[in-house]
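Geometric and topological summary
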Amino acid sequence: MKGVTRIDIPVLLPEITEALDECVNRLVRLLEKRQGVERVHVVLPDGAEAAGGDTEKGPLGGPAQLCLHYDPERLPLAQIKEIARLAGAEVTARFGHIVIPFRAVGAEDGGGRLESALRAAAGVTAAVVNFAGQVARVEYDRTRTDRPAIEAELGRAGVELTADIGASRPTEAATPAPAGEEQESWYKRNREIAWSAISGAFLLGGWLVERSGGQPAIAIALFVAAYFFGARDNLAHLLGDIGRGRFRFNIDLLMLVAAAGAAGLGEWAEGGLLLFLFSLGHALEHYALGRARNAIKALASLAPQQAVVIRGGRESILPIEQVNRGDQVVVKPAERIAVDGTVREGRSAVNQAPITGESIPVEKQAGDPVFAGSVNGEGALVIEVTAAVGDRTLDRVIQLVSEAETQKAPTQQFTDRFERWFVPLVLVADVLLIVVPPLIWSWSWSESIYRGMALLVAASPCALALGTPAAVLAGLAQAARKGVLIKGGAYLETLGTINSLALDKTGTITKGEPAVTDLVPANGVTADVLLQLAAAVEQRSQHPLARAVLKAAEERRLTVAAAEGVESVTGRGIRAQVGTELVEVGRLLMFEESGKGEIPAAIRDAVARLESAGRTTMIVRRSRPENSTEARDGWLGVLGIADEPRANVRRTLDQLRAAGIRRIVMLTGDNAGVGGAVGRAVGVDEVRAGLLPEDKVVAIRELAADGGVAMVGDGVNDAPALAHATVGIAMGGAGTAAALETADIALMADDLGRLPFAVGLSRKARSIIKQNLFLSLGVIAGLGIAAVAGIAGIGVAVIAHEGSTLIVIANGLRLLAYKDSNQ
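This is a predicted model, so every value here is computed, not measured.

Our focus in this paragraph is the overall build of the chain. Each helix and strand counted, the chain has 28 helices and 28 strands in total. Counting over 823 residues, the chain shows a buried share of 53%. Long-range pairs, those at least 24 residues apart, make up 68% of the contacts in the chain between residues at least 6 apart in sequence.

This is how it looks when you write it as structure tokens:
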């Protein structure tokens, strides 16, 4: 009998975001060398294997898994899991993953050029570059290279490093970046515009000399100068690639060939116009995309760089890097909070919108958590630091957002593949257009060359290259600004495709805190007396139901007497001496088993009625001393306790249905009575109760069989279901690291009401991406035909080319202004 076990890849390789990452293959090879391990393979979410071998059904919609076949006589299950864990740790320790932001000028396919440069560097095992987002994600072998060497390679490729908005993981010091843009000269910040303007000035001068009948040599000299300033960046990149032996067929090449061809035909003005508009278009594109990039980078400036710390009884202003966990930090009114921590002194309303997206300030007092980047209100606070720099919620968000920028959306992956074969195809078609018509038809060589140059411009896929990343970049930025963290373009697109939604009950649909909802006193007993005596007994208990009783007594401002001789009856209830009386609080079963007399019908009826409404019930009974003049025993009544639904859940679910979600299911571990009551109260389509974590995974797989399914939970006990859903959505990402790490999307505020915004943003993004795709391909096709037919010359082609590129970018940036119409 052979042993087989499966382990989710993210458990073994926490840094890995893609199932086919090379680190997964390394882990497979490492495990296959171990004694007793017979076969290791990857099972993809749809059941297909990553490599050859027997196909096994994998988790539908869930994470990829590592399937290990082993000899159980040599390796018990616990040992094989430990071997896998240690092997994963070994791979993680050797191979690092870093995110490096940069600033570069170049054609829209410059990401491919940089990826080639990075992949060719010693020790770099993988690289992904988002040129629109100006960020690179690099995997490397720590035994062969390090971050400074990788950054040096980027410098040789012609890019400038910018302020690092995310830390590497595992932690590794980043090379100090150049000063921020606010410290740069005007020329450095605006060099693209300046060079383009100079090119345009020389172009205008050459055209005026040519039109006025001046010396042709002077006009040509001015046009050459226009060529130089207009083509400087493109030519530098092309020559750099050739010098490093990495020649590429790309958009830079198409533009330079077209401009050179125009010059060869004596059409200096049209060639100059091409390069001028091309460089001006780049400058405007980078400026426009900078709006989205700056919206993300602005996260890094939310937290102050210093804090007022109390040490040795004195207040000192220290750099934030020197503030340690456990320090006491003073935050004055209207100041921005620099640390994650817990309020120890003071009371104030804190604006958490920069972190959670909440529009209304949240009241904070002793014991409440606060987050770096939020803004204090009118009261002074003393905060005990719970997370040092690097571990704060803001730091985790910045890191995850920077990584999300490098995750390419499915549409972008399609356009990347399209460009790889399209550019060489255009060059082949262009050669045929230049050579064949003069040989077969009556075209002159100058006419065919001119049309060939116009075709190069018309068919350049600049708009196609930027349409998707512009929309994704803007969508991720707007989501982060509104308190929704989306961990990649793939999830931004996928969220808009789901048709089923599964929600955990406790902490998602409900508040996650039991509260006393019903007080049913017996005849002759007041509600206050019933609650007072129950609170007196429960004040020594740490049970969540006990806290609910004490909170209710506090809200009614009742005086709670001290209790003695507290005795817990496991799974049944609790009893204690309150003054001269023995007071018992517990389930109906506790009193049925005690044999202390018949339970009144009124008490039983109250319990049945409350439990049918989904309440947890607590019966309160007191026993008086034997020498008391009153009756010895007394049934005081019944308390009904429930975890109440959040106030806006029904409205939120209605909004989600209006957005196209067809099926909404609640998953809960509670009994069917409690689950059904909550489900009816909020209006879900189906309730599945009494579920263990593994049962929730089964439910997610069943729902996923009918299409995309999103799972919403707290990111901790719902982790398996979150991981197996098409899209996992965590509640309260600002409160737990687990929520941020587990889910694909995190609602930073503990508010389900943000979900309709996220779904609406995703669907809007999908719509814009499709619009950009159709517009880009339409312009390429239409303009290409017009160029071949001689209807559009180089001037018209370049204007339409750059115009369409700017249009798709502007269309994508509309997501920066997206608002949920229901908010």
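From this point on, the discussion continues.
A word on the packing of aromatic side chains. Any aromatic ring pair is given by two values, namely how distant the centres are and how the planes are angled relative to each other. Counted according to the given criterion, the structure contains eight aromatic pairs. For the pair Phe228 and Phe229, a centre-to-centre distance of 5.1 Å together with 85° between the ring planes defines the contact as edge-to-face. In this structure Phe228 comes out as partly exposed when scored by relative accessible area, which is 48%. A residue is classified by how much of its surface remains accessible, and Phe229, at 22% relative accessible area, is partly exposed. Measuring from ring centre to ring centre gives 5.7 Å for Phe757 and Tyr818, while their planes differ by 40°; the resulting arrangement is tilted. Taken as a pair, Phe757 in helix H27 (residues 755-788) and Tyr818 in the segment after helix H28 (794-813) lie far apart in primary sequence, 61 residues in all. Its relative accessible area of 2% is what places Phe757 among the buried residues.

Read across the sheet, four strands follow the order E5-E6-E4-E7 without closing on themselves; strand pairing throughout is antiparallel. The open sheet is flanked by strand E5 (124-130) and strand E7 (160-161), the only strands paired with a single partner. Relative to E7, strand E4 (residues 95-103) runs antiparallel, the two sharing two bridges. In the strand pairing of E7, Phe102 is matched with Leu161. Sheet contacts for helix H5 (residues 147-156): E4, E5, strand E6 (135-141) and E7; angle to E4, the most-contacted strand, approximately 35°.

What follows covers the environment of Ser762. Of note, Ser762 is situated in helix H27. Residue Ser762 is classed as buried on the basis of its relative accessible area of 0%. Distance from Ser762 to Gly489, taken between C-alpha atoms, is 9.7 Å for residues 273 residues apart in sequence. Ignoring any residue separated from it by four or fewer positions in sequence, one finds Ser762 in contact with Leu492, Glu493, Leu495 and Gly496. Within polar-contact distance, the side chain of Ser762 engages the backbone oxygen of Leu492 at 2.4 Å.

Moving on: the nonpolar core. The tendency in soluble globular proteins is for nonpolar side chains to be buried side by side. With 50 residues, the main nonpolar core has Leu501, Ile729 and Leu755 as its most contacted residues. Ranked by residue count, the leading element in this core is helix H15 (residues 462-481), at nine residues. Core analysis: the next-biggest nonpolar cluster, separate from the first, contains 47 residues, Ala262, Phe276, Ala454 and Val457 among them.

Attention shifts here to a nonpolar patch on the surface. A cluster of nonpolar residues, Val431, Val435, Leu439, Ile440, Trp441 and Trp445, forms a patch on the protein surface that exposes about 670 Å² of accessible area. A per-element tally of the nonpolar patch places helix H13 (residues 410-440) first, with four residues. Among the structural elements, Val435 can be located in helix H13. With a relative accessible area of 34%, Val435 lands in the partly exposed category.

Parameters at a glance
- Residues numbered from 1 in each chain as written.
- Predicted model: local features only at pLDDT ≥ 70, side-chain atom pairs only at ≥ 80, totals over all residues.
- Heavy atoms only, no water.
- Helix = DSSP H or I, 4+ residues; strand = E, 2+ residues; numbered from the N terminus.
- Buried < 20%, exposed > 50% of the residue type's maximum accessible area, 1.4 Å probe, protein only.
- Contact = heavy atoms within 4.5 Å.
- Phe/Tyr/Trp six-rings, centres within 6.5 Å; stacked < 30°, edge-to-face > 60°.
- Pairing = 2+ DSSP bridges.
- Axes fitted to C-alpha atoms, helices over the stretch in contact; angles between N-to-C directions.
- Polar contact = N/O pair within 3.5 Å; in protein donor to acceptor, adjacent residues only side chain to side chain.
- Core = buried A, V, L, I, M, F, W, Y, C linked by side-chain atoms within 4.5 Å.
- Patch = residues over 30% accessible without salt bridge, like charges linked within 9 Å, V, L, I, M, F, W, Y side chains within 5 Å.
- Areas by Shrake-Rupley, 256 points an atom, 1.4 Å probe, with all protein chains shown as cover.
- Salt bridge = Lys/Arg side-chain N within 4 Å of Asp/Glu carboxyl O.

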